[in-house]
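Listed here are the chains, written in short residue letters.
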Amino acid sequence: MSKKKTIALEEQFTGLLWAIVAPLKEYQLGWHINKVLGFELKKADDMELIHKKRHKTSVYSCYKYESELDKWLVYVVSNKNSGEFLVPEVRQADYFLIIRGEISVQREEELFVKLRSIPVIQLVVKMNFDLLKSKANLMID
């Protein structure tokens, strides 16, 4: 008899999720974000997504920063790999910036303005995590 494994999603996502359009490599985006936002993003393990119907595995680049002062976990994750998407309903996004933890409205606005000031970023859009069909794909840890 086989056992089923289920993924337990957090009841409430606390933090920010921004979709980013930026036509550059993930390490270049990470460098710009580190410089402007004062983060220390570093390469983390790639995320693997298994497509059962297509019998295919896609790998998405991931960068991580842990802020002990703010008690945040910050991730930059690529959305595209060889024609596959981590979050298919947001195909336009090249990357996602995820900040997990409590953030004040003032600090959120400050980060958003700084992020938009990066010349290589064409677009930043705040996403509603709860409305995404593929939100399980963004559950990192």
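Residues numbered from 1 in each chain as written. Predicted model: local features only at pLDDT ≥ 70, side-chain atom pairs only at ≥ 80, totals over all residues. Heavy atoms only, no water.

Draft legend 1. Region of interest: helix 1 (residues 26-37). The first and last C-alpha atoms of helix 1 sit 16 Å apart over twelve residues, in line with the 16 Å expected at 1.5 Å per residue. On its buried side, helix 1 packs onto strand 6 (72-78), strand 9 (95-100) and helix 2 (105-116). Just beyond helix 1, the residue with positive phi is glycine 38, at close to 75°. (Helix = DSSP H or I, 4+ residues; strand = E, 2+ residues; numbered from the N terminus. Expected span 1.5 Å × (residues − 1). Contact = heavy atoms within 4.5 Å.)

Draft legend 2. Examining unusual backbone geometry more closely. Residues other than glycine seldom take positive phi values, yet lysine 71 does so here, at roughly 60°. By the element assignment, lysine 71 lies in the loop between strand 5 (62-67) and strand 6. Of note in this structure, serine 82 is not a glycine but carries a positive phi near 50°. Inspection of the secondary structure puts serine 82 in the loop between strand 7 (80-81) and strand 8 (84-85).

Draft legend 3. Spotlight on the pattern of salt bridges. Counted according to the given criterion, the structure contains six salt bridges. When the shortest N-O distance is used, the salt bridge between lysine 80 and aspartate 94 registers 3.1 Å. Of this pair, lysine 80 sits in strand 7 while aspartate 94 sits in the loop between strand 8 and strand 9, and the two are 14 residues apart along the sequence. You can call lysine 80 partly exposed: its relative accessible area is 36%. Arginine 107 is paired through a salt bridge with glutamate 110; the nearest N and O atoms lie 3.0 Å apart. One end of the pair is arginine 107 and the other is glutamate 110, both in helix 2 and three residues apart, which spans about a single turn. Salt bridges sharing partners connect three or more residues here, namely Arg107, Glu110 and Lys114. (Salt bridge = Lys/Arg side-chain N within 4 Å of Asp/Glu carboxyl O. Buried < 20%, exposed > 50% of the residue type's maximum accessible area, 1.4 Å probe, protein only.)

Draft legend 4. Up close: the pairing of strand 9. The element strand 9 is largely enclosed, with a buried count of six among its six residues. Burial along strand 9 is two-sided: Tyr95, Leu97 and Ile99 facing one way and Phe96, Ile98 and Arg100 facing the other are all buried. Across six bridges, strand 1 (residues 15-21) lies against strand 9 in antiparallel orientation. Among the inter-strand pairings, tryptophan 18 is bridged to a residue of strand 9, identified as leucine 97. Relative to strand 9, strand 6 is paired through six bridges, and the arrangement is antiparallel. Looking at the pairing, valine 74 lines up with isoleucine 99 of strand 9. (Pairing = 2+ DSSP bridges.)

Draft legend 5. Spatial organisation of the environment of aspartate 46. Considering the arrangement of structural elements, one finds aspartate 46 in the loop between strand 2 (42-43) and strand 3 (47-51). Its relative accessible area of 41% is what places aspartate 46 among the partly exposed residues. For aspartate 46 and valine 77, which are 31 residues apart along the polypeptide, the C-alpha to C-alpha distance reads 8.8 Å. Once residues within four sequence positions are removed from consideration, aspartate 46 is found in contact with Val59, Tyr60, Ser61 and Cys62. Separated by 2.4 Å, the side chains of aspartate 46 and lysine 43 make a polar contact. (Polar contact = N/O pair within 3.5 Å; in protein donor to acceptor, adjacent residues only side chain to side chain.)

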